[in-house]
Amino acid sequence: MDRIVVFLLLILTGCAATPKDKDFEEMIFYVPKDYNNMSSGKIKLNAMIHRAKDKKNRIGLLVVNFGGPGGEAVEHASAMISEKSFPQSIIDRFDILAIDPRGTGKSEFISDLTRCTFNHECDSEKESVGFNISTMKFTQDIDYIRKSLNEDKITFLGYSYGTKIGQLYSFLYPQNIRGVVLDSPTSIEHGNAIEESMTMPFSYERIMYHRLSKSEIELIKNINNKIKEHEIYTTKDGYKIDQDNFDKLLATIISTNDDDWSNIKPSLISFLKTEIFYDYIVKIQEIESSDSNDSSDSNDSSDSNDSSDSNDSSDSSLAAAIASASTRSINCSDENKPLLDSEIENSLPLFERKSSLLGSLAYNAYYNMCLGWKAKRDPLPYISKVNNRVPILIIGGKLDSVTPYEEAIKVDKMYLGNKKLVTVNNIVSHGFSFSYADAYVDYITEKYLLNPNSIIDNT
């Protein structure tokens, strides 16, 4: 799970400083460390609130979370507001609140995760931190902050893992909800990381059949069969491809953005037809180099040197490792049906039953998430149904490579009250609202936020 989740974090989090705007307020909230033990003291959460510009027509408080787990919120929300990714109507009529969850951004426990990551000691450290940065505790934090701001209700906009927070909040505090948007959701019903990842092969297959023809997929299946039979597949130009390298090739097909895919596809098709691998390798290296240069250009000044480039790379690697430690800590602490290590290690056949071609890719990405976890957990409650009092807006992508569409369907079935599921077709993406991915989704989300009781047609 680390590789995919960290990749998502790098997409969803930004590096923009909080803008100089009179409507921006940087805030620190002190919340209970443990809501079941109020004598445990308080901890610090970093936050930002952007006040509604149209004070007379202010609707209320909009809480945003961009997922992860392990993703900060303050810098990303600040960037979205400054760059006007949010519609003007939302900026005008809501106080927009972003809170760095525990273990992220500038909030409590980030120093613990940073230290253990730098010292390569997170196998032990993350377990002591995990209990304190769980999804349950951060959801309780949100309601504690709501009360401290004297708000009767909140409107919640969550992406990816952030939709778990939205689901849990709507279950625990239904009376305090004005509206909830769950964009690219993952269901809170799953009891462990393996169970949660079991729908991934379905998503991978949909993307593959979207991007390749049936005949091209048959060629990929032939290579897969050769690797399963001989462990190594040797191309005509001498490259030896084992299961790990083959999974990396499959991941390129599944996870690459549309622009890069259009550049990669011709060389991949040529390889499948000729079994000459070199041109494909060169194209991958070109794209990786271009992505690296783009990142360097955006971060470096004109007088940057090799040393600063090295530091940027080091900082980026450390940030990704910290996010990974946070991700694992939260996911494993959240489990309410944890598996034995032997059950985790022997789960590959379960993935391969979902897809003989792509099952191992999903398994290798997720199986070690909570392998060996022995620390105290703060498990999520068992939730199968939610009697929601207000309409819930759910947005799922048929070609979402991070949270499969099956998750959106599952979340839709969980809510017994009024809800709307909007389906995004033919876009390989993740996190749709106000991301320029789909104009209709932006319209629907804006309309809902302004009035959750408005009639929204399913698409």
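Preceding this paragraph is the structure being described.
Residues numbered from 1 in each chain as written. Predicted model: local features only at pLDDT ≥ 70, side-chain atom pairs only at ≥ 80, totals over all residues. Heavy atoms only, no water.

## A closer look at the pattern of salt bridges
Any two side chains of opposite charge can pair, on the condition that their charged atoms come close. The tally for this structure, following the rule as stated, stands at 21 salt bridges. Between aspartate 141 and arginine 102 there is a salt bridge, with its nearest N and O atoms 2.8 Å apart. Note that aspartate 141 is positioned in helix α6 (residues 135-148) and arginine 102 in the loop between β4 (94-99) and α4 (110-118), a separation of 39 residues in sequence. Looking at aspartate 141, the relative accessible area reads 0%, which means it is buried. For arginine 102, a relative accessible area of 1% gives the class buried. One continuous salt-bridge network, built from bridges that share partners, spans Glu25, Arg51, Arg58, Asp95 and Glu151. (Salt bridge = Lys/Arg side-chain N within 4 Å of Asp/Glu carboxyl O. Helix = DSSP H or I, 4+ residues; strand = E, 2+ residues; numbered from the N terminus. Buried < 20%, exposed > 50% of the residue type's maximum accessible area, 1.4 Å probe, protein only.)

## Brief notes about the sheet that holds strand β5 (residues 154-159)
As summarised here, the arrangement of the eight strands in space is β1-β2-β4-β3-β5-β6-β9-β10, forming an open sheet in which the pairing is mixed. The open sheet is flanked by β1 (24-32) and β10 (419-424), the only strands paired with a single partner. Here the strands of the sheet are splayed against their neighbours by 20 degrees on average, with no regard to which way each runs. Across nine bridges, β1 lies against strand β2 (residues 42-50) in antiparallel orientation. Residue pairing across strands places methionine 27 opposite alanine 47, the latter belonging to β2. (Pairing = 2+ DSSP bridges. Axes fitted to C-alpha atoms, helices over the stretch in contact; angles between N-to-C directions.)

## A word on the environment of serine 184
With respect to the element layout, serine 184 can be found in the loop between β6 (177-183) and α8 (193-197). Sequence spacing of serine 184 and proline 404 is 220 residues, and the spatial spacing of their C-alpha atoms is 8.0 Å. Apart from residues lying up to four places away in sequence, serine 184 is in contact with Ser160, Thr163, Ile395, Asp400, Thr403, His430, Gly431 and Phe432. (Contact = heavy atoms within 4.5 Å.)

## Examining the packing of helix α9 (residues 200-211) against helix α17 (residues 359-366)
Axis separation between α9 and α17 bottoms out at 9 Å; the angle between their running directions is 130 degrees. As judged from the angle between their axes, α9 and α17 are oblique. For the pair α9 and α17, the sense of crossing is right-handed. Between α9 and α17, the contacting residues are Met200, Pro201 and Tyr204 on the first element and Gly359, Leu361, Ala362 and Tyr366 on the second. For the contact of α9 with α17, the per-class residue count stands at six nonpolar, one polar and no charged. (Parallel < 35°, antiparallel > 145°, perpendicular 65-115°, else oblique. Left-handed = near helix turned anticlockwise from the far one by under 90°. Nonpolar A, V, L, I, M, F, W, Y, C, P; charged D, E, K, R; others polar.)

## Observations regarding the packing of aromatic side chains
Applying the stated criterion across every chain, the model contains 10 aromatic pairs. Taking the centre distance of 5.7 Å and the plane angle of 65 degrees together, the rings of phenylalanine 351 and tyrosine 363 count as edge-to-face. Of this pair, phenylalanine 351 sits in helix α16 (residues 348-354) while tyrosine 363 sits in helix α17, placing them 12 residues apart in sequence. Each of the two residues, phenylalanine 351 as well as tyrosine 363, counts as buried. With a centroid separation of 6.0 Å and an interplanar angle of 35 degrees, the aromatic rings of tyrosine 440 and tyrosine 443 are classed as tilted. With tyrosine 440 and tyrosine 443 both in helix α19 (residues 439-450), this residue pair falls three residues apart, about one helical turn. For tyrosine 440, a relative accessible area of 35% translates into the label partly exposed. The exposure class assigned to tyrosine 443 is partly exposed, which follows from its relative accessible area of 42%. A network of ring pairs unites the aromatic residues Tyr239, Phe271, Phe277 and Tyr280 as a single cluster. The ring of phenylalanine 131 has lysine 137 sitting right over it, with the charged end atom 3.6 Å from the ring centre. The ring of phenylalanine 131 has lysine 376 sitting right over it, with the charged end atom 4.2 Å from the ring centre. (Phe/Tyr/Trp six-rings, centres within 6.5 Å; stacked < 30°, edge-to-face > 60°. Lys NZ or Arg CZ within 6 Å of the ring centre and 35° of its normal.)

## Description of the side chain of threonine 104
Locating threonine 104 in the fold gives a position in the loop between β4 and α4. Engagement of the side chain of threonine 104 in a polar contact is seen with the backbone oxygen of proline 101, the distance being 2.8 Å. Ignoring sequence-local partners within four residues, the contact set of threonine 104 consists of Gly70, Gly71, Glu72, Ile110 and Ser326. (Polar contact = N/O pair within 3.5 Å; in protein donor to acceptor, adjacent residues only side chain to side chain.)

## Some thoughts on the nonpolar core
Counting residues in each nonpolar core, the largest one holds 48 residues, and the members touching the most others are Leu97, Ile99, Ile142, Ile154, Ile394 and Tyr415. If sequence neighbours within four positions are ignored, leucine 97 has contacts with Phe29, Ala47, Met48, Ile49, Leu61, Leu62, Val63, Val64, Ile145 and Leu149. Of all hydrophobic cores here, the second largest spans 39 residues; its members include Leu212, Phe246, Leu250 and Ile264. (Core = buried A, V, L, I, M, F, W, Y, C linked by side-chain atoms within 4.5 Å.)

## Observations regarding the pairing of β6
Counted residue by residue, β6 has six buried out of seven residues, so it is predominantly covered. When β5 meets β6, the two strands line up parallel, connected through six bridges. Looking at the pairing, threonine 155 lines up with glycine 179 of β6. What joins β5 to β6 is helix α7 (residues 162-172), and the crossover it makes is right-handed. For β6 and strand β9 (residues 392-397), the ladder comprises four bridges, and the chain directions are parallel. Counterpart to aspartate 183 in the pairing with β9 is isoleucine 395. (Right-handed = clockwise from strand over helix to strand, strands pointing away.)

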